[in-house]
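What the coordinates show
Each chain, letter by letter, is given below.
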Amino acid sequence: MSSEKPLRILIVEDEILIALELESLLQDLGHEVVGMAASSAEALSLGQTLRPDLAFVDVHLADGPTGVDVARSLSVNHRVTVLFMTANAKRIPEDFAGAWGVIAKPYTERGVREALNYVMAGQLREPDEARTVTFVPFGASPRERSSQIS
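Everything in this summary refers to the structure shown in the same document. (Residues numbered from 1 in each chain as written. Predicted model: local features only at pLDDT ≥ 70, side-chain atom pairs only at ≥ 80, totals over all residues. Heavy atoms only, no water.)

1. Description of a nonpolar patch on the surface
A surface patch of nonpolar side chains, about 320 Å² in accessible area, is lined by Ile16, Leu17 and Leu20. Among the secondary structure elements, Leu17 is positioned in helix H1 (residues 16–28). (Patch = residues over 30% accessible without salt bridge, like charges linked within 9 Å, V, L, I, M, F, W, Y side chains within 5 Å. Areas by Shrake-Rupley, 256 points an atom, 1.4 Å probe, with all protein chains shown as cover. Salt bridge = Lys/Arg side-chain N within 4 Å of Asp/Glu carboxyl O. Helix = DSSP H or I, 4+ residues; strand = E, 2+ residues; numbered from the N terminus.)

Set out below in structure tokens:
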């Protein structure tokens, strides 16, 4: 990953300790955290002004289960790659709201690394290699997903 261009990342998480821990981990992995948001309004505003490459989005934010709407808006309107973070994957809609995958909470460093590798590769790996307990990529390849969203 060190030879890759660092990602500009937005963290959308209302639990400040989790957000700060994730920020530290992402920075240790060589990426730039450009902003943190605890509510959907703040996330959408930061997504528009900061234009991150990637957003880690919690499904349930301070203003309710609005993470799905945030993910959909960031991916469709701002072309931001989105990864969900949640302890309850049942809240993710069947169309995945434009997200590329989900990291189970509580997340692990391994899960975050796998998610970043997946995003940076820009394509699906073999299912047995890609699917883990800590990070699950969604079904379609990024190119197929882009055409489904449009």
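2. Thoughts on the sheet that holds strand E5 (residues 101–104)
Across the sheet, six strands lie side by side as E2-E1-E3-E4-E5-E6; this open sheet has mixed pairing. Each edge of the sheet is formed by a strand with only one pairing partner; in this case those strands are strand E2 (32–37) and strand E6 (135–137). On average, adjacent strands in this sheet sit at an angle of 20 degrees to one another, irrespective of strand direction. In terms of strand pairing, E5 meets E6 through three bridges, oriented antiparallel. Directly across from Gly101, in E6, lies its bridge partner Pro137. Its contacts with the sheet put H1 on strand E1 (8–12), E2, strand E3 (54–58) and strand E4 (81–86), and the angle it makes with E2 is roughly 170 degrees. Here helix H4 (residues 109–121) sits on the sheet in contact with E1, E3, E4, E5 and E6, set at roughly 20 degrees to E6. (Pairing = 2+ DSSP bridges. Axes fitted to C-alpha atoms, helices over the stretch in contact; angles between N-to-C directions. Contact = heavy atoms within 4.5 Å.)

3. What to know about the packing of aromatic side chains
If you walk through the whole model with that rule in mind, you get one aromatic pair. Considering the side-chain rings of Trp100 and Tyr118, the 6.0 Å spacing of their centres and the 80 degrees angle between planes classify their relative orientation as edge-to-face. Of this pair, Trp100 sits in the loop between E4 and E5 while Tyr118 sits in helix H4, and the two are 18 residues apart along the sequence. (Phe/Tyr/Trp six-rings, centres within 6.5 Å; stacked < 30°, edge-to-face > 60°.)

4. A short note on the packing of H1 against H4
In a packed pair of helices, the relevant descriptors are the angle between the two axes and the axis-to-axis distance. Where H1 contacts H4, the axes come no closer than 11 Å and their chain directions differ by 55 degrees. Classified by the angle between their axes, H1 and H4 sit oblique to one another. Considering the relative orientation of H1 and H4, their crossing is right-handed. Residues Leu22, Leu25 and Leu26 of H1 form the contact with H4, whose own contacting residues are Glu109, Val112 and Leu116. By residue class, the composition of the contact of H1 with H4 is five nonpolar, no polar and one charged. (Parallel < 35°, antiparallel > 145°, perpendicular 65-115°, else oblique. Left-handed = near helix turned anticlockwise from the far one by under 90°. Nonpolar A, V, L, I, M, F, W, Y, C, P; charged D, E, K, R; others polar.)

5. Some points on H1
Taking 1.5 Å per residue as the helical rise, H1 with its 13 residues ought to reach 18 Å, and the 18 Å between its terminal C-alpha atoms agrees with that figure. Phi for Gly30, located one or two positions after H1, is positive at around 95 degrees. (Expected span 1.5 Å × (residues − 1).)

6. Thoughts on the pattern of salt bridges
Following the criterion strictly, the structure yields five salt bridges and no others. Across the salt bridge formed by Lys105 and Asp58, the nearest N and O atoms sit 3.2 Å from each other. Taken together, the residues span a long stretch of sequence, with Lys105 in the loop between E5 and H4 and Asp58 in strand E3 at a distance of 47 residues. Residues Glu114 and Arg110 are paired through a salt bridge, measuring 2.9 Å at the closest nitrogen-oxygen approach. Remark: Arg110 and Glu114 occur in helix H4; sequence separation between them is four residues, near one turn of the helix. With relative accessibility at 57%, the residue Arg110 sits in the exposed group. Beyond isolated ion pairs, a larger network of salt bridges with shared partners links Glu13, Asp58 and Lys105. (Buried < 20%, exposed > 50% of the residue type's maximum accessible area, 1.4 Å probe, protein only.)

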